[in-house]
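Close look at the chain arrangement
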Amino acid sequence: MSEGEAGADGETRPKGIEALKEHVISHKVEVSLWCTRLATIIFTFAYILPLFWNPASAYYRILLANAATSALRLHQRLPAMQISLQFLTQLFKEDSCHYLLYSVIFLYVSPNILVILPVFLFSMVHFASYSLTLLDLLGQNAWWGARLLISLVEFQSRSILRLIAFSEILVMPLTLFMSFFGRSGLLSIVFYYHFLTLRYASQRNPHTRLMFTDLRIAAENFANKSGTPSFLRSAILSGIATISRMAPAVPQN
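First, a word on what this report is: a plain description of the structure on this page. As the structure is a prediction and not an experimental result, all values here were calculated from the model.

1. As for the packing of aromatic side chains
By the definition in use, this model includes 15 aromatic pairs. In textbook terms, an aromatic cluster arises when at least three aromatic residues are bridged by ring pairs, as seen for Tyr99, Tyr102, Phe106, Phe122, Tyr192 and Phe195.

Below, the structure is given as C-alpha cells:
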C-alpha cells in the first residue's frame, strides 16, 4: 500500500487499499453503477464469445444489467418518486429513463447484436471514466496498462457517442424488419419510436439529434447529385420530409 500523495492544499492524501475501501463505503451508489456497467461489459463479451453462457441468456443479462444501471442513475438524479405531472416530465427528460425503457422494450425481442451495441458502448465509456477514479485511489503508478486502455476510450469518447447515436437510429429499421419475421411485436415498434423521439429531444445528450442532421445532409447531397435517378431522388426527399415531420419539437434552453 502506498503511503500517500500530497494534494493541492499541501495535505497528504492516503492512497492504496484502505483509501479504496473508504471510497467504496462512502460512494455506494457510484460503485454499484461501476459494478453494473462491468456486468454489462462481461455479458456482452459472453454474448459474442459464448464460452460460459448461452448467447440468449447473456443477451437478456445485458439488458437487465443496463436496466439496473439506469434505475440507479435515476435514483441519483431524481427526487423521491411523486405522482405528479412535474415529476413525470422531469423523469422522461432523463437519459437514464430512456435507457430503462430501451431495456424493457428489447427484453421481449429476439437477441440481436445491434440492439446491445449502444448499451455496451455507454457502459464502456462510463466504466472507463470511473475506473480512473478508482485507480487514482490506489496510486499514480497502479495498473498502468489499464490506465492506457482507459485513456484510449476517453480519447475516442466523442466518436463512441456518435456511434451510439448512429446505432440508436439503425435499430428503428431493424425493429421494423424483425417484426415482419415475427421476431418482435408491433408494440416494440411503437415504443421504440417513442424512445427515439426522447433521444432526439434529449437536452443532456445532443448526439442523436446531431446524427439525424448529419444523415439528412448526406441523404440530401446524394439525392441532389446529377447522377442520381429522378425516382430515387424523389423517394429520398419524400423520406426526409416524412421523418422531419415525425421529429419532436426540441425545447430551447
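2. Digging into the side chain of Glu168
Take Glu168: it is sitting in helix α8 (residues 157-180). Judged by its relative accessible area of 0%, Glu168 falls in the buried class. At 2.5 Å, the side chain of Glu168 forms a polar contact with the side chain of Tyr99. A polar atom in the side chain of Glu168 sits 3.2 Å from the side chain of Arg199. With sequence-adjacent residues up to four places away left out, Glu168 is seen in contact with Tyr99, Pro118, Phe122, Tyr192, Phe195, Leu196, Arg199 and Thr208.

3. Looking at the nonpolar core
Residues Tyr59, Tyr99, Tyr102, Phe106 and Tyr192 are the most contacted members of the largest nonpolar core, which totals 40 residues. Secondary-structure elements contributing two or more residues to this core are α2 (28-48), α3 (55-77), α5 (95-106), α6 (113-138), α7 (144-155), α8, α9 (186-200) and α10 (207-223). Here this core takes ten residues from α6, the largest share from any one element. Residues within four places of Tyr99 in sequence aside, it is in contact with Asn66, Ser70, Pro118, Val119, Phe122, Ile164, Glu168, Phe195 and Arg199. The next biggest cluster of nonpolar side chains, apart from the first, holds five residues, and it includes Leu74, Leu78, Phe87 and Cys97.

Reading guide: rules and limits
Residues numbered from 1 in each chain as written. Predicted model: local features only at pLDDT ≥ 70, side-chain atom pairs only at ≥ 80, totals over all residues. Heavy atoms only, no water. Phe/Tyr/Trp six-rings, centres within 6.5 Å; stacked < 30°, edge-to-face > 60°. Helix = DSSP H or I, 4+ residues; strand = E, 2+ residues; numbered from the N terminus. Buried < 20%, exposed > 50% of the residue type's maximum accessible area, 1.4 Å probe, protein only. Polar contact = N/O pair within 3.5 Å; in protein donor to acceptor, adjacent residues only side chain to side chain. Contact = heavy atoms within 4.5 Å. Core = buried A, V, L, I, M, F, W, Y, C linked by side-chain atoms within 4.5 Å.

It is worth stressing that arrangement in space is one thing and function is another; only the former is reported here.
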